[in-house]
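Here is how the chains run, residue by residue.
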Amino acid sequence: MTHTRFIICSCASRTFIPVARVVGLAAQLRYFGARVAMVGDLCRMVEQSEESLANVAGAAIVACHSRAVRALLASRGLEAGEIIDIRSLDIAEALAKEGLSPAPEEELAPFLEEARSEFKRFAPEVGHDAWFPAIDRERCVDCGRCLEFCLFGVYSREGRHVVVSDPGQCKNNCPACARVCPERAVVFPKYTKSPINGGLDDEEGLSALDPSALYAEALRTRLQQRRASVALLKEKKSRE
């Protein structure tokens, strides 16, 4: 086994990683003597800037796509080590990364029971569900299109760099700003398709989209919304 300490993100509010895979891998790793801690939602930890993130970064992280996890931790000034992508890998493939083969099912019962009980402690989030973008710094050129596109104040600039400064303002399940990024540097870990979710394939079909056209349309929409807001304000004042 390459590592002895693992952090597993259960992502309890989403279903793109099967519960059986999360629980089964935790049980397998514990069977082989690894120290395994399960967390409810790595995205939530990043959004809230939890102090325990430093402990997460120091372990092998079992979560979703590597690019997404690295971007998330980098947003808090942390560098991820080994990442095992169980969004893409099944249990046997994940264990193979550690030079292991699955243990016999009949010997796993107590470890499975423990992992299932642990998973049940993580109640699904209702509403916002820690949905927000992360920026892949290896791709980002700080062009600012995401900042100008976003209507909700999620982004700002720190010096010349574009940053996700207010993740809580992002609208749940909206990945629109990622589509206008010409470098595909904006990542939404909980999105269903790559490359927006950090995967490397173009399941979203972004190569067929024209980012410039999307950007122009976004600016037109923003202008229309501003005009509508001004009109409502004038109408309100006229009634007073």
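All values derive from a computational prediction rather than experimental measurement. (Residues numbered from 1 in each chain as written. Predicted model: local features only at pLDDT ≥ 70, side-chain atom pairs only at ≥ 80, totals over all residues. Heavy atoms only, no water.)

Chemist: Looking at this structure, I do not really get the overall build of the chain. What am I missing?
Modeler: A count of helical and extended segments in the chain gives nine helices and eight strands. Summarising its shape, the C-alpha atoms of the chain cover approximately 75 × 40 × 30 Å along the three principal directions. Going through the 240 residues of the chain one by one, you find that 45% of them count as buried. Long-range contacts, defined here as pairs at least 24 residues apart, represent 66% of the contacts in the chain between residues at least 6 apart. Accessible surface computed for the chain: about 12,400 Å², of which carbon and sulfur atoms make up 51%. The centroid of the 32 positive side-chain charges in the chain is displaced by 9 Å from the centroid of its 33 negative side-chain charges. (Helix = DSSP H or I, 4+ residues; strand = E, 2+ residues; numbered from the N terminus. Buried < 20%, exposed > 50% of the residue type's maximum accessible area, 1.4 Å probe, protein only. Contact = heavy atoms within 4.5 Å. Areas by Shrake-Rupley, 256 points an atom, 1.4 Å probe, with all protein chains shown as cover. Lys, Arg positive; Asp, Glu negative; His and termini not counted. Charge placed at Lys NZ, Arg CZ, Asp CG, Glu CD.)

Chemist: Explain the sheet that holds strand E3 (residues 60-63) here, please?
Modeler: The strands making up a sheet associate through backbone hydrogen bonding, with each pair oriented either parallel or antiparallel. Strand order in this open sheet of four strands is E2-E1-E3-E4, and the pairing throughout is parallel. On the outer flanks of this sheet lie strand E2 (35-39) and strand E4 (83-85), each paired with one strand and no other. If you compare each strand with its neighbour and ignore which way they point, the axes differ by 20 degrees on average. Here strand E1 (residues 5-9) runs beside E2; their pairing, made up of five bridges, is parallel. When the sheet's bridge partners are listed, phenylalanine 6 is paired in E2 with valine 36. (Pairing = 2+ DSSP bridges. Axes fitted to C-alpha atoms, helices over the stretch in contact; angles between N-to-C directions.)

Chemist: Help me understand the environment of threonine 2, please; the structure alone is not making it clear to me.
Modeler: Its location among the elements puts threonine 2 in the segment before E1. Counting along the chain gives 144 residues from threonine 2 to cysteine 146, while the straight-line C-alpha distance between them is 39 Å. If near-sequence neighbours (up to four positions away) are discounted, threonine 2 is found in contact with Lys97 and Glu98.

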